[in-house]
Amino acid sequence: MPFVLMSHFLGPPVSPAPATVCMVCSVFKKGRCKAGKGNCTVEQGPGCRTRDIFYFNIRDGWGYNHTQLDCSDDCKSWKLIRGNLKVSSFCCEGQDFCNKYKGRSQKWKPR
């Protein structure tokens with residue numbers, strides 16, 4: 001009897017969210033993956049991550065250097081500036097290869 005009573009509280013079975021396939025590239029630059037090309041799968045969780053890497057120099061300001069693409073269990077959008085390094089991270093989910101790199105301007109200037 002306890003089993004019947006307990007099943008009443010569980011409700012109908014819930015199917016897990018479908019897995020999302022993400023693009024992986026440790027160095028994406030000038031429209032191509034230069035190193036670490038592959039795919040990863042996020043079973044459940046935040047999703048595919050894109051991180052744009054910039055370096056600062058006095059003559060030109062912030063200049064885009066490369067992009068990193070991967071999967072992340074703790075994926076949040078954020079920006080970090082530490083010395084002459086700036087990292088801008090953002091995430092997507094629910095569509096395979098949603099982090100496929102679509103291009104970034106060569107220079108970024110803070111507002």
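Residues numbered from 1 in each chain as written. Predicted model: local features only at pLDDT ≥ 70, side-chain atom pairs only at ≥ 80, totals over all residues. Heavy atoms only, no water.

Under an unreviewed UniProt entry, the name given to the protein is Prostate and testis expressed 2, and the source organism is Lynx canadensis.

For the rest of this paragraph, the subject is the nonpolar core. Among the nonpolar cores identified, the biggest contains six residues, and these are Cys22, Val24, Cys40, Val42, Cys48 and Cys98. Of all the secondary-structure elements, those providing two or more residues to this core are strand 1 (20-29) and strand 3 (38-42). Beyond its immediate chain neighbours, meaning those up to four positions away, Val24 contacts Cys33, Gly36, Lys37, Gly38, Asn39, Cys40, Leu69 and Asp70. Grouped together as the second largest cluster of nonpolar side chains are five residues, Met23, Cys25, Cys33 and Leu69 included. (Core = buried A, V, L, I, M, F, W, Y, C linked by side-chain atoms within 4.5 Å. Buried < 20%, exposed > 50% of the residue type's maximum accessible area, 1.4 Å probe, protein only. Helix = DSSP H or I, 4+ residues; strand = E, 2+ residues; numbered from the N terminus. Contact = heavy atoms within 4.5 Å.)

For the structure shown, the criterion picks out three salt bridges. For Asp70, the salt bridge is made with Arg49, and the minimal N-O distance between the two is 2.8 Å. In this pair, Asp70 sits in strand 5 (residues 61-72) while Arg49 sits in strand 4 (residues 47-57), placing the two residues 21 residues apart along the sequence. Residue Arg49 is classed as buried on the basis of its relative accessible area, which comes to 17%. Linking Arg59 and Asp60 is a salt bridge whose minimum nitrogen-to-oxygen distance equals 3.1 Å. Here the salt bridges share partners, and the residues they tie into one network are Arg49, Arg51 and Asp70. (Salt bridge = Lys/Arg side-chain N within 4 Å of Asp/Glu carboxyl O.)

What follows concerns the packing of aromatic side chains. Under the definition given, this model contains two aromatic pairs. Each ring, one from Phe54 and one from Tyr64, has its centre 5.9 Å from the other, and the planes form 70°; the classification is edge-to-face. Here Phe54 is found in strand 4, whereas its partner Tyr64 is found in strand 5, with 10 residues between them in sequence. Each member of the pair, Phe54 as well as Tyr64, carries the same accessibility label: buried. (Phe/Tyr/Trp six-rings, centres within 6.5 Å; stacked < 30°, edge-to-face > 60°.)

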